[in-house]
Amino acid sequence: MIALSFHGAAQTVTGSKYLVRVADDSLLIDCGLFQGLKELRLRNWDSPPFDAHKVQWIVLTHCHIDHIGYLPRLYRRGFRGEILCSEPTARMIEILLLDAAHIQEEDAFYLNKEGKTRHKPALPLFTQDDARAVSRLVKPVPFAETIPLSPHLSFCLRPVGHILGACSVQLTVRDGKNARTIYFGGDIGRYNAPLVPDPGSPLASDYLVLESTYGNRLHEATDPYETIAGLVHRIVESKGVLLIPAFAVGRTQQLVLILRELEEQGRIPRLPIHVDSPMAANVTDIYCDFEKWHRLDLSRLGGADCALHAGNITYHRTREESMTINKLDGPRIIISSGGMLTGGRVLHHLMQRMAFQKNIIALVGFQAVGTRGRDLLDGKKLLRFHGEMHTVRADVVDVGGLSGHADYTELMRWLGALEKPPQTTFITHGEPGPAAAMAARIQSERGFKAVIPNLGDEFEL
Ligand SMILES: [Zn+2]
Ligand SMILES: [Zn+2]
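What counts, and where the lines are drawn
Residues numbered from 1 in each chain as written. Chains lettered and ligands numbered in written order. Predicted model: local features only at pLDDT ≥ 70, side-chain atom pairs only at ≥ 80, totals over all residues. Domains from an automatic or database assignment. Contact = placed C-beta atoms within 7 Å. Helix = DSSP H or I, 4+ residues; strand = E, 2+ residues; numbered from the N terminus. Nonpolar A, V, L, I, M, F, W, Y, C, P; charged D, E, K, R; others polar. Core = buried A, V, L, I, M, F, W, Y, C linked by C-beta atoms within 7 Å. Buried ≥ 20, exposed ≤ 12 C-beta atoms within 10 Å, placed from the backbone. Pairing = 2+ DSSP bridges.

All right, on to the domain arrangement of the protein then. Considered domain by domain, the protein is made up of domain 1 (2–217 + 405–460) and domain 2 (224–398). For domain 1 and domain 2, the distance between their C-alpha centres works out to 27 Å. At the junction of the two partners, domain 1 supplies 24 residues and domain 2 supplies 24 residues. The dominant element in the side of domain 1 that touches domain 2, judged by the number of residues it contributes, is helix H4 (residues 87–114), at seven residues. The residue makeup of the side of domain 1 that touches domain 2, split by class, is 14 nonpolar, six polar and four charged.

Here you go:
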């Protein structure tokens, strides 16, 4: 029997975990953390309905936390198998997991210190030791090669844009005479995006697992270069700070590249740019090491060692360096993580800058329901921090056109490479509305049979 079950990213965006079982083999595609609403985050504490000891392999599509953040927890529960992924992903995993563990440890520390917990003592979901230990199980594999795992399982990675090292996974599963191919799309990137190459087209497969983050939305046709140039001119005028909460992986590098290009083209003055995140600093170094994997044309950008390090950019690693930014007046630009304002250093910059009208907070990515980023996007003027309310007077601007995810027209374009419909397409990685819209669209426009799995649903293939 070949079984595919969904243990995350089912009727929600985060928590990607798809389990494939055949004979005695167990393989997970992605091992992500639930993020956003509290009821979702609490799921990270539940025991997974499968035995972590028995999972022999985890194949990762890319290193966003909603795809890798549960790895240390699964390690705690006994997972000791192999983690397989592209080379850039392998280089970035430990950096990301250590950061996630640090946030977990810090949250537990504050909850205990302030006594604001019903759990005594509050514990982190996982620790930095867990993150280090699980990172030792990572093994990079090349793109476009069939990697055999057992008589029952083999897979192949295909680039899919989105962020550095991101891929789709075609898994071939054999059970006696029964052989099936399952194509896990992963997070599908955009066409003609700054920095990241176009997604590679999918391969004909028996089953498809398709993301639907923007299953019912179109990205605005606005030009992010134009919008960002406009914001920079406004803070030059107001002598304010342009605060950009951004994910440390992918989005930060994309923003730095856009700002550098605008500078080189003389469309904006060269302002001090602070990238305040040790993780973003480390990841940027990896981006520079893999410059051929994306659109980093160095000659175009002044011939520096790496376009992401030239200009008036400072990468801040230590907490002391981060604190010094607080005293600095505008005009300047601060890019800091996390992107949805759920934690990380960006919170202290937000506290510092949001009460003043001269400053601008630019939201540049997907903002999940239940996050401070979503509250700001929805126009809320009061934000809660550590149990206290704070007023937002800074201007909040939604910068469209920078999403790392294909919108529904781009998803349809990507699917265009499939001449024959898969037997079933499982729609995942989307909230219920977008998932349903995507299912309806591929049924009506392409005749695909679509299923939207619920958390825990298992299908026999
Ligand atoms: Zn992603
Ligand atoms: Zn994702």
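Next up on the list: the nonpolar core. Counting residues in hydrophobic clusters, the biggest one holds 129 residues, and the most contacted among them are Val59, Leu96, Leu97, Leu242, Ile244 and Ala362. Examining the composition of this core, we find that eight residues originate from one element, H4, more than from any other. Looking at this core, you find at least three residues from each of domain 1 (2–217 + 405–460) and domain 2 (224–398). If we skip the residues at most four places from it in the chain, Leu97 touches Ile68, Leu71, Pro72, Ala131, Val134 and Ser135.

Attention now moves to the pairing of strand E11 (residues 207–211). Across the five residues of E11, five count as buried, placing the element largely inside the fold. A two-sided burial pattern is seen for E11, the buried positions comprising Tyr207, Val209 and Glu211 on one face and Leu208 and Leu210 on the other. Relative to strand E20 (residues 424–428), E11 runs parallel, the two sharing five bridges. Along E20, the bridge assignment pairs Leu208 with Thr425.

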